[in-house]
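Given next are the chains, with one letter for each unit.
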Amino acid sequence: MERNEYITDSQVVKRANAAVKIEIEKQKAMDNPIVIYDGETQTIYQEYSDGSRVVVGKKMREGRYSERVTEEA
């Protein structure tokens, strides 16, 4: 059984981004908070539909998991 119709990686990324945007708009319409990670400050926020943000947490560890495991071993 062969499959001849595949979508490209860029199409997959485009569809995933669109799905996330739709879900965010849906949560805003339902007045549910949205969890956002700010990569610059490495902080996790809960953002409410009125635009207010509440800090939930900060990044706990540095580096990738594979790098941390090899250092401990």
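Everything that follows concerns the structure shown earlier in this document.
Here the structure is a predicted model, which means the values were calculated and not measured.

Asker: Would you mind going over the overall build of the chain with me for this structure?
Answerer: Per the secondary structure count, the chain includes two helices and three strands. Ordered by position from N to C terminus, the α and β elements of the chain give α-β-β-β-α. Its C-alpha atoms give the chain a radius of gyration of 18 Å, more than 25% over the compact-globule value 11 Å for 73 residues. Across the 73 residues in the chain, those meeting the buried criterion constitute 8%. Once local pairs closer than 6 in sequence are excluded, the contacts in the chain between residues at least 24 apart make up 0%. Carbon and sulfur atoms make up 52% of the accessible area of the chain, which totals about 6,800 Å². The average position of the 12 basic charges and that of the 14 acidic charges among the side chains of the chain differ by 1 Å.

Asker: Help me out: how do you make sense of the environment of Tyr6 in this one?
Answerer: By the secondary structure assignment, Tyr6 is in the segment before helix H1 (9-29). Separated by 43 residues in the primary sequence, Tyr6 and Ser49 have C-alpha atoms spaced 38 Å apart.

Asker: Where do I start with the side chain of Thr43 in this structure?
Answerer: Residue placement: Thr43 occurs in strand S2 (residues 43-47). Within the local environment of Thr43, its side chain forms a polar contact with the backbone oxygen of Thr41, the two atoms lying 3.1 Å apart. Apart from the residues within four sequence positions on either side, Thr43 is in contact with Ile36, Tyr37, Asp38, Val55, Gly57 and Lys58.

Asker: Is there a simple way to explain the packing of aromatic side chains in this structure?
Answerer: Centre-to-centre distance and the angle between the planes together describe a pair of aromatic rings. In total, this model carries zero aromatic pairs according to the counting rule given. For Arg53, the ring lying beneath its charged end belongs to Tyr45, and the centroid distance is 4.7 Å.

Asker: Any chance you could explain the sheet that holds strand S3 (residues 53-58) here in plain terms?
Answerer: Note: strands within a sheet are paired through backbone hydrogen bonds, in either parallel or antiparallel orientation. Across the sheet, three strands lie side by side as S1-S2-S3; this open sheet has antiparallel pairing. The open sheet terminates on both sides in strands that have one partner only, identified here as strand S1 (34-38) and S3. Neighbouring strand axes in the sheet, compared pairwise and without regard to direction, differ in orientation by 30° on average. Sheet analysis places S1 next to S2, joined by five bridges and oriented antiparallel. Counterpart to Ile34 in the pairing with S2 is Glu47.

Calculation criteria
- Residues numbered from 1 in each chain as written.
- Predicted model: local features only at pLDDT ≥ 70, side-chain atom pairs only at ≥ 80, totals over all residues.
- Heavy atoms only, no water.
- Helix = DSSP H or I, 4+ residues; strand = E, 2+ residues; numbered from the N terminus.
- Rg over C-alpha atoms; globule rule 2.2 N^0.38 Å.
- Buried < 20%, exposed > 50% of the residue type's maximum accessible area, 1.4 Å probe, protein only.
- Contact = heavy atoms within 4.5 Å.
- Areas by Shrake-Rupley, 256 points an atom, 1.4 Å probe, with all protein chains shown as cover.
- Lys, Arg positive; Asp, Glu negative; His and termini not counted.
- Charge placed at Lys NZ, Arg CZ, Asp CG, Glu CD.
- Polar contact = N/O pair within 3.5 Å; in protein donor to acceptor, adjacent residues only side chain to side chain.
- Phe/Tyr/Trp six-rings, centres within 6.5 Å; stacked < 30°, edge-to-face > 60°.
- Lys NZ or Arg CZ within 6 Å of the ring centre and 35° of its normal.
- Pairing = 2+ DSSP bridges.
- Axes fitted to C-alpha atoms, helices over the stretch in contact; angles between N-to-C directions.

Interpretation in functional terms is not warranted from these geometric data alone.
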